[in-house]
Amino acid sequence: MTSTNAHWHEDAACRSADPEELFADSTRQKRAKTVCTGCPVQTECLIEALDNRLEWGVWGGMTERERRTLLRRRPNVGSWRQVLQNARCEQQTPRAS
């Protein structure tokens, strides 16, 4: 999990990408999402988009449609940082057989 970094965007994989790619129409969004793959600040980016209800573009590897769906499923989340940190911990914790 990326630590809190107010300047996370400086390390973003998309920093030098053409904004037209990241704010693409639905048919090109899959390609836009590949820019996020392996990005060191993908989680920070997604937190920014979810907490601020950003409506357009690919942020943190999610399209606006995917983010809207997630926000509708979890309307009471005030801050996505803790939710995403907990999910990451659960993923990394080995399960007993």
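In the block above lies the structure referred to throughout.
Now for a description of the structure that goes with this document. As the structure is a computational prediction, the values presented were derived from the model and not from experiment.

1. Focus: the nonpolar core
Then, number 1: Membership of the largest hydrophobic core is limited to 8 residues, which are L46, I47, L50, M62, L71, V77, W80 and L84.
Then, number 2: Listed by contribution, the elements that provide at least two residues to this core are α3 (42-51) and α5 (80-92).
Then, number 3: Ranked by residue count, the leading element in this core is α3, at 3 residues.
Then, number 4: Leaving out residues up to four positions away in the same chain, L46 has contacts with W59, G60, M62, R67 and L84.
Then, number 5: The next biggest cluster of nonpolar side chains, apart from the first, holds 5 residues, and it includes W8, A12, V41 and C45.

2. Section: the pattern of salt bridges
Then, number 1: By the definition in use, this model includes 2 salt bridges.
Then, number 2: Where R81 meets E44, a salt bridge forms, and the shortest distance between an N and an O atom there is 3.0 Å. Here E44 lies in helix α3 and R81 lies in helix α5, a separation of 37 residues in the sequence.

3. Description of the packing of α3 against α5
Then, number 1: Packing of α3 against α5 brings their axes to within 9 Å, and their N-to-C directions diverge by 140°. The angle between α3 and α5 places the two elements in the oblique class. Handedness of the crossing formed by α3 with α5: right-handed. Of the residues in α5, those in contact with T43, E44, L46, I47, L50 and D51 of α3 are W80, R81, L84 and R88.
Then, number 2: Across the contact of α3 with α5, the residue classes break down as 5 nonpolar, 1 polar and 4 charged.

Calculation rules
Residues numbered from 1 in each chain as written. Predicted model: local features only at pLDDT ≥ 70, side-chain atom pairs only at ≥ 80, totals over all residues. Heavy atoms only, no water. Core = buried A, V, L, I, M, F, W, Y, C linked by side-chain atoms within 4.5 Å. Buried < 20%, exposed > 50% of the residue type's maximum accessible area, 1.4 Å probe, protein only. Helix = DSSP H or I, 4+ residues; strand = E, 2+ residues; numbered from the N terminus. Contact = heavy atoms within 4.5 Å. Salt bridge = Lys/Arg side-chain N within 4 Å of Asp/Glu carboxyl O. Axes fitted to C-alpha atoms, helices over the stretch in contact; angles between N-to-C directions. Parallel < 35°, antiparallel > 145°, perpendicular 65-115°, else oblique. Left-handed = near helix turned anticlockwise from the far one by under 90°. Nonpolar A, V, L, I, M, F, W, Y, C, P; charged D, E, K, R; others polar.

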